[in-house]
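# Commentary on secondary and tertiary structure
Here is what each chain is made of, one letter per residue.
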Amino acid sequence: SRKQEIKDNLPAMVAAVKTLPPAYQAVLACAPSVDSSYYDKILGRCQGGSTIRRVSNDTYPLLSHSTAALVTSGTATLETALFGVPQVVCYKTPLPHIIRFCFNHVIQCDYISLVNLIADKEVVPELLADRFSVANIHRELQAILPGQPNRNRQLQSYQEVWRRLGDAVA
């Protein structure tokens, strides 16, 4: 459920952004189907969670002003790419080492994000299962901030995603 994803992913995301330079403001795009009291509960448990600004029902305007994003997998990854915002896909799973084993040996799918699936290559980093950690999220986020080479590589790779989706998107 969406609440489970929020509970599992948001604390690590908050921890990863709390050490960003003061020039950056962390803003949380809240799911309209989730009551704000649930976000209060989760953010209240996070060190620095009270400083996270929240926006509801304004995801597209938020993306249009974003420098970078931490996103859980789903349509949000594609929407973020279409807005030209570099991103890190974060998805905590139960039994992370078993999930990684399955991705390496059983599942016939290399990616979980729509961006990477459409491009058929890793355009955005996917921190899934055993790769999901505060340190990895922070490192990958730092790598897509302005002036960093991964930012330009990701933005250039978005062009291929847009091309594969067709001219109507570009």
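It should be noted that the structure appears before, not after, this text.
We now turn to the structure provided with this report. All values reported here derive from a predicted model rather than from experimental measurement.

### A few points about the nonpolar core
- In this structure, Ile6, Leu10, Leu28, Tyr39 and Ile137 are the most contacted members of the largest nonpolar core, which totals 26 residues.
- Of all elements in the fold, only helix 1 (2-17), strand 1 (27-30), helix 2 (36-44), strand 4 (87-91) and helix 7 (134-142) reach the threshold of two or more residues within this core.
- With seven residues, helix 1 is the single largest residue contributor to this core.
- Setting aside anything within four residues of it in sequence, one finds isoleucine 6 in contact with Pro11, Val34, Tyr38, Tyr39 and Ile42.

### Regarding the pattern of salt bridges
- Under the definition given, this model contains five salt bridges.
- Here lysine 7 ties to aspartate 8 by a salt bridge, and the two come within 3.4 Å at their closest N and O atoms.
- Here lysine 7 falls in the partly exposed class, since its relative accessible area comes to 37%.
- Glutamate 160 is paired through a salt bridge with arginine 163; the nearest N and O atoms lie 2.7 Å apart. Of this pair, glutamate 160 and arginine 163 both sit in helix 8 (residues 149-165), three residues apart, roughly one helical turn.
- Owing to a relative accessible area of 22%, glutamate 160 belongs among the partly exposed residues under this scheme.
- On the accessibility criterion, arginine 163 (54% relative accessible area) is exposed.
- Connected through salt bridges with shared partners, the residues Glu160, Arg163 and Arg164 form a single ionic network.

### Some thoughts on unusual backbone geometry
- One non-glycine residue, asparagine 57, adopts positive backbone phi at about 60°.
- On the secondary structure map, asparagine 57 appears in the loop between strand 2 (53-56) and helix 3 (59-64).

### What to know about the sheet that holds strand 4
- The three strands lie next to each other as 3-4-5, forming an open sheet whose pairing is parallel. Edge positions in the sheet fall to strand 3 (69-71) and strand 5 (126-128), since each has one partner strand and no second. Here the strands of the sheet are splayed against their neighbours by 20° on average, with no regard to which way each runs.
- Here three bridges tie strand 3 to strand 4, and the two strands are oriented parallel to one another. Looking at strand 4, one finds that leucine 70 is bridged to valine 88.

Conventions and cut-offs
- In every chain, residue numbers begin from 1 and rise along the written sequence.
- This being a predicted model, a pLDDT of at least 70 is required before a residue's local features are given, and a value of 80 or more before pairs of side-chain atoms are given or counted; all residues contribute to the totals for chains, interfaces and linings.
- Computation of side-chain values: all heavy atoms of the structure, hydrogens and water removed.
- To define a nonpolar core, start from buried Ala, Val, Leu, Ile, Met, Phe, Trp, Tyr and Cys residues and group those joined through side-chain atoms within 4.5 Å.
- Here the term buried applies to any residue with accessible area under 20% of the maximum for its type, exposed to any over 50%, and partly exposed to those in between, with areas from a 1.4 Å probe on protein chains only.
- Comment: elements are numbered from the N terminus, with helices defined as DSSP H or I runs of at least four residues and strands as E runs of at least two.
- We call two residues in contact whenever any of their non-hydrogen atoms come within 4.5 Å of each other.
- Each salt bridge in this description consists of a side-chain nitrogen of Lys or Arg and a carboxyl oxygen of Asp or Glu lying within 4 Å of one another.
- DSSP-based pairing: two strands are paired if at least 2 bridges between them are found.
- Whenever a helix is involved, its axis is fitted only over the stretch in contact; in every case the axis is a line through C-alpha atoms, and angles between N-to-C directions fall within 0 to 180 degrees.

Purely geometric numbers; function is a separate question.
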